[in-house]
2 protein chains.
Amino acid sequence: MPLDSSIPSHLRCPRTRSRRVSDKWNPPVPMYSARGAESIENLTMAYLGVQSKGDDMKGPACAAFQKILQSFKQPDGPARHDLVQFTDGQGYLNLIAVAYWTDPAAYDKWKDRPAIADWWASDDRLKEGVGYFREVLRPRMEQFETIFTHEHGPLEGVSILMGGMSEPILEHGYWGSMRDRLPLSQTDPMDPSGELAVKTGTPSLGGRVIVSGHENVALIRSGEDWSKTEGEERRTWFEDIQPVLLEGMDYLRDDGLEAGCYCNRYVHHMDENGNPLEKGFGYSLWRSLRHLELWAESHHTHLQIFVTFNRLAKKFKELTLYHEVSVFDASAQYFEYINCHPKTGVLRAV
Amino acid sequence: MPLDSSIPSHLRCPRTRSRRVSDKWNPPVPMYSARGAESIENLTMAYLGVQSKGDDMKGPACAAFQKILQSFKQPDGPARHDLVQFTDGQGYLNLIAVAYWTDPAAYDKWKDRPAIADWWASDDRLKEGVGYFREVLRPRMEQFETIFTHEHGPLEGVSILMGGMSEPILEHGYWGSMRDRLPLSQTDPMDPSGELAVKTGTPSLGGRVIVSGHENVALIRSGEDWSKTEGEERRTWFEDIQPVLLEGMDYLRDDGLEAGCYCNRYVHHMDENGNPLEKGFGYSLWRSLRHLELWAESHHTHLQIFVTFNRLAKKFKELTLYHEVSVFDASAQYFEYINCHPKTGVLRAV
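Here we summarise the structure given alongside this text. (Residues numbered from 1 in each chain as written. Chains lettered and ligands numbered in written order. Predicted model: local features only at pLDDT ≥ 70, side-chain atom pairs only at ≥ 80, totals over all residues. Heavy atoms only, no water.)

**Some points on the sheet that holds strand β5 (residues 131-137) of chain A**
Residue and element names in this part refer to chain A. Pairing in this open sheet of twelve strands is antiparallel, and the strands run β6-β13-β10-β12-β11-β3-β4-β2-β5-β14-β9-β8 from one edge to the other. What marks the edges here is a single partner per strand, and that holds for β6 (144-148) and β8 (197-202). For this sheet, the mean inter-axis angle between neighbouring strands, taken without regard to orientation, is 20 degrees. Where strand β3 (residues 80-87) and strand β11 (residues 261-270) come together, two bridges link them in antiparallel fashion. (Pairing = 2+ DSSP bridges. Helix = DSSP H or I, 4+ residues; strand = E, 2+ residues; numbered from the N terminus. Axes fitted to C-alpha atoms, helices over the stretch in contact; angles between N-to-C directions.)

Okay, structure coming up:
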């Protein structure tokens, strides 16, 4: 049977740019892409965070985070959300609710509701001893792709809203396949233009800072679920894979700017009560898809991850891997930081 | 100044396939391609070898090799040649003269001269206790590319016949750049078709064996010259780089067939008296460019070479690196083995 394309049929168009591989390409193992309804035209991804330092501030941080979670219950709230946390390179705890909408009008109505808009805009947010941030990213479906190792999922993240899975796809198993899975790659090199710019505030002074994006910023959410692993597979995850993965993530977190990585967080999922779940993902914002490609393809920190995963891939039965990659128009990015330290999110890059 | 293209201007044509990177790509360091006269339409590369085992046979092997070298003095002989040697995985010494022509008619006349044709065809070659082989490969210029690390050379191999060097080129510093440097990649994916086939003889019985090629077999000659290195750079070459390189070459020599590598020899240059020179290259024949790409981009043995070279690249001043890559029409390949063991050259692949 001919392989499926990661690009859904309604987004295929006459190419002005070729795929890196020909139709005869035969990937070594099957992989899959999430499939959604044709009616979905774009996605809204809101990373809404609370930042705090020290045990004393954990209580206020959790209370602040609950406020964000309550806001999801307002009309037109997100269709789903993930709760994650990570401790950043400066030792701050960041609690993040990752909220997703497939209806852009719903998100617009939700964020403009007084209960939401006024709360974020209030000067009270500047006086609570915790930081807040909103990173809102809205790709068109032409600017979005996913890959999953397992036919029957589990789907993750925004893909859960898409609800379906492709047949085994052609576009994987070679460098450049990430780009080839993006429908827009049929006609557009997705080169970056413009620069991140501070629109409001001064990062070094804290307070409220708003940063504007630029054309073709790229985001990868690349995740692993080790909750079902047992025995030898579980040992392999903890002893052989996770340490190498985290080393690469730490490089991007601390020094990624030299490679074009604006921000990198390796986050762990948690339940509504803050209990850790056995899955996580790297959230990684890049100047462009090309910068992400270059790091992945040539930097020893990623090649080490790649070689380790490849070498051990045959042992994996229950460990599931996935990623979603998006590229954004400048107008489809919103970055706001309130009382955050100057290495938070894209602040380190401005 | 805009970057030069590795594809010479007279071989540029309207693309039906895109380069992997856009015109804005800016490689991290400058690299160069050899440039020849427009009048050169194709190249002839003849790897003419003598194979022997054990010290007792070194004398007869050298005498046989001298016969080959004398044949170069016949009218229409090669425009230049390299002398190299390597000991293969079965412990045989292989002395190889690598002869180059830029005039296909000259090669055809030379090989058909009775002094050449009759000598190779003679049954006497079966009775001398040494093996002989001829691997003759003839790319069109659309099927040929080179890359050099140093602006002023030294040129190597067939590139010496081309005589010139490009300005810094655009097509390097990313996976896929090898393909993008081949002029034919503008319009052709260069997928393989057909299979190697024994036309005459039985490899396991020795004697005379002729093998026919198939469409889009690929050859890489990838070389290093460490003769001018000194001090720390020389130590780095011998202790950090060469061992990793040879490990990858040994993998291809012994187990490369699983990756689509028909034959791999890491050879050392020698002078006319058999004295070793401080340069060498990998001669590596592949089922297709795609197979070569896949190994280079994903197999740990090559990624180890790649990471080591990249990590140490800043230390290199006098170590020069280059490669030449060709893709061949089925009709542009000739493989003949006389009294060679069945792992010689492409015999291991049939």
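Picking up after the structure, the text goes on.
**Let's talk about the interface of chain A and chain B**
Between chain A and chain B, the residue contacts involve 24 residues of the former and 24 residues of the latter. Across the chain A to chain B interface the summed buried area is about 2,100 Å²; carbon plus sulfur atoms make up 52%. Ranking the residues of chain A by area buried against chain B places S18, R20 and R290 of chain A at the top, with a combined share of 29%. Taken together, chain A and chain B are joined by four salt bridges. The closest approach of N and O atoms between R20 of chain B and E297 of chain A, which form a salt bridge, is 2.5 Å. Across the contact surface, chain A and chain B share 13 residue pairs in polar contact (both at pLDDT 80 or more). Those elements that place two or more of their residues in the side of chain A that touches chain B are α7 (289-298) and α8 (300-312) of chain A. For the side of chain A that touches chain B, the per-class residue count stands at nine nonpolar, seven polar and eight charged. (Contact = heavy atoms within 4.5 Å. Buried area = accessible area lost by both parts, 1.4 Å probe. Salt bridge = Lys/Arg side-chain N within 4 Å of Asp/Glu carboxyl O. Polar contact = N/O pair within 3.5 Å; in protein donor to acceptor, adjacent residues only side chain to side chain. Nonpolar A, V, L, I, M, F, W, Y, C, P; charged D, E, K, R; others polar.)

**Details of the pairing of β6 of chain A**
All names here are of chain A. Across the five residues of β6, five count as buried, placing the element largely inside the fold. Every second residue of β6 is oriented toward a common face, with F144, T146 and F148 on one face and E145 and I147 on the other, all of them buried. The sheet contact formed by β6 and strand β13 (residues 320-328) spans five bridges and is antiparallel. Residue pairing in the sheet places F144 in a bridge with S326 of β13. (Buried < 20%, exposed > 50% of the residue type's maximum accessible area, 1.4 Å probe, protein only.)

**Topic: the packing of aromatic side chains**
Residue and element names in this part refer to chain A. Taken as a whole, this structure holds 30 aromatic pairs over all chains when the rule is applied. Between F72 and W110 the ring centres are 6.1 Å apart and the planes differ by 55 degrees, which places this aromatic pair in the tilted class. Within this pair, whereas F72 is found in the loop between α1 (58-71) and β3, its partner W110 is found in helix α2 (residues 104-112), the two being separated by 38 residues in sequence. The burial state of F72 is the same as that of W110; both residues are buried. For the ring pair Y107 and W110, a centre distance of 6.1 Å and an interplane angle of 40 degrees mean the geometry is tilted. On the criterion of helical spacing, the pair formed by Y107 and W110 is a turn pair, its members being three residues apart in helix α2. (Phe/Tyr/Trp six-rings, centres within 6.5 Å; stacked < 30°, edge-to-face > 60°.)

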